[in-house]
Amino acid sequence: MGRYLTSGLVLLALVGGITYWITSASQSAEEKKTRLTEVIGTTEATVVASATCGCCKLYATYLEGEGFDVDLQLKTPTEVQTYKAENGIPAELQSCHTTVIGDYIIEGHIPVEGIEALFSQKPDIKGIALPGMPSSSPGMPGPKLAPFEIEIITNEGEDGGLFIEI
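With 84% of its residues at a pLDDT of 70 or more, the protein chain shows a mean pLDDT of 87. Here residues 5-25 scores under 50 on pLDDT; set against residues more than four positions off or in separate chains, the count is 0 contacts.

Our focus in this paragraph is the pattern of salt bridges. The final tally for this structure, using the stated rule, is 3 salt bridges. Put simply, lysine 33 and aspartate 69 hold a salt bridge, and the shortest N to O gap is 2.6 Å. Here aspartate 69 lies in strand 2 (residues 69-75) and lysine 33 lies in helix 1 (residues 2-39), a separation of 36 residues in the sequence.

Core analysis: the biggest nonpolar cluster contains 32 residues, and Phe68, Ile106 and Ile115 have the highest contact counts within it. Elements supplying a minimum of two residues to this core: helix 1, strand 1 (44-50), helix 2 (54-65), strand 4 (104-108), helix 4 (112-121), strand 5 (127-130) and strand 6 (149-153). In this structure, phenylalanine 68 is in contact with Lys33, Leu36, Ile40, Thr43, Ala45, Leu63, Ile101, Val112 and Ile115, ignoring residues within four places of it in sequence. Counting 5 residues, the second largest nonpolar core, distinct from the first, contains Ile89, Leu93, Ile105 and Ile153.

Checked against the element boundaries, glutamate 116 lands in helix 4. For glutamate 116, a relative accessible area of 15% translates into the label buried. Within the local environment of glutamate 116, its side chain forms a polar contact with the side chain of arginine 35, the two groups lying 3.0 Å apart. With near-sequence residues (within four places) excluded, glutamate 116 lies in contact with Arg35, Leu36, Val39 and Ile40.

Looking now at the packing of aromatic side chains. Per the counting criterion, the structure on display carries 2 aromatic pairs. Residues tyrosine 59 and tyrosine 62 carry aromatic rings whose centres are separated by 5.8 Å and whose planes lie at 35° to one another, so their mutual orientation is tilted. Of this pair, tyrosine 59 and tyrosine 62 are both found in helix 2, 3 residues apart, which corresponds to roughly one turn of the helix. Residues tyrosine 104 and phenylalanine 119 carry aromatic rings whose centres are separated by 5.1 Å and whose planes lie at 85° to one another, so their mutual orientation is edge-to-face. Here phenylalanine 119 lies in helix 4 and tyrosine 104 lies in strand 4, a separation of 15 residues in the sequence. Exposure class is identical for tyrosine 104 and phenylalanine 119. Each is buried. The positively charged end of lysine 144 is found above the aromatic ring belonging to phenylalanine 148, 4.3 Å away from the centroid.

What follows is about the pairing of strand 6. For strand 6, a buried count of 4 out of 5 residues is recorded, marking the element as mostly surrounded by other parts of the structure. Pairing analysis gives 4 bridges linking strand 6 to strand 7 (residues 159-165), with the strands arranged antiparallel. By the bridge assignment, glutamate 151 is partnered in strand 7 with leucine 162. Taking the residues between adjacent antiparallel strands as the criterion, strand 6 and strand 7 are bridged by 5 residues, where glycine 157 takes a positive phi near 80°.

Criteria and thresholds
- Residues numbered from 1 in each chain as written.
- Predicted model: local features only at pLDDT ≥ 70, side-chain atom pairs only at ≥ 80, totals over all residues.
- Heavy atoms only, no water.
- pLDDT = per-residue confidence, 0-100.
- Contact = heavy atoms within 4.5 Å.
- Salt bridge = Lys/Arg side-chain N within 4 Å of Asp/Glu carboxyl O.
- Helix = DSSP H or I, 4+ residues; strand = E, 2+ residues; numbered from the N terminus.
- Core = buried A, V, L, I, M, F, W, Y, C linked by side-chain atoms within 4.5 Å.
- Buried < 20%, exposed > 50% of the residue type's maximum accessible area, 1.4 Å probe, protein only.
- Polar contact = N/O pair within 3.5 Å; in protein donor to acceptor, adjacent residues only side chain to side chain.
- Phe/Tyr/Trp six-rings, centres within 6.5 Å; stacked < 30°, edge-to-face > 60°.
- Lys NZ or Arg CZ within 6 Å of the ring centre and 35° of its normal.
- Pairing = 2+ DSSP bridges.

Next up, the structure:
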């Protein structure tokens, strides 16, 4: 009889723990959405990426985990390059995917801290970029080898220099 009681208590504790974890995770997600709405004004993000790129999908998942409602638009590599050209993203600032949040372009694997800094400052620019695919940036594996240097994309579609280092 004692063994059944012990097993029952363990099962009850396990179910309670899982319920608590699910409840906290959903509260955390709601808190993140509320924070994004306060800081950025929206939770909507459109990610334009190559259908064959795994890290682009991981970046979209990262944004979702941070509270964004992501519209992931998978395209051919040619369509992605055309999109970048049409939106004035300089070749030297390009990465594998482009995100649009509000009126800003977010090029590459930019951490949410960089996005929040952009919307907190609201500079008169086209957007920001983290060129290439730096190790340990959101959606990329590996150790962080250096600070992430996030660059400005000017309204004229040029490299405007350093925006922020994370």
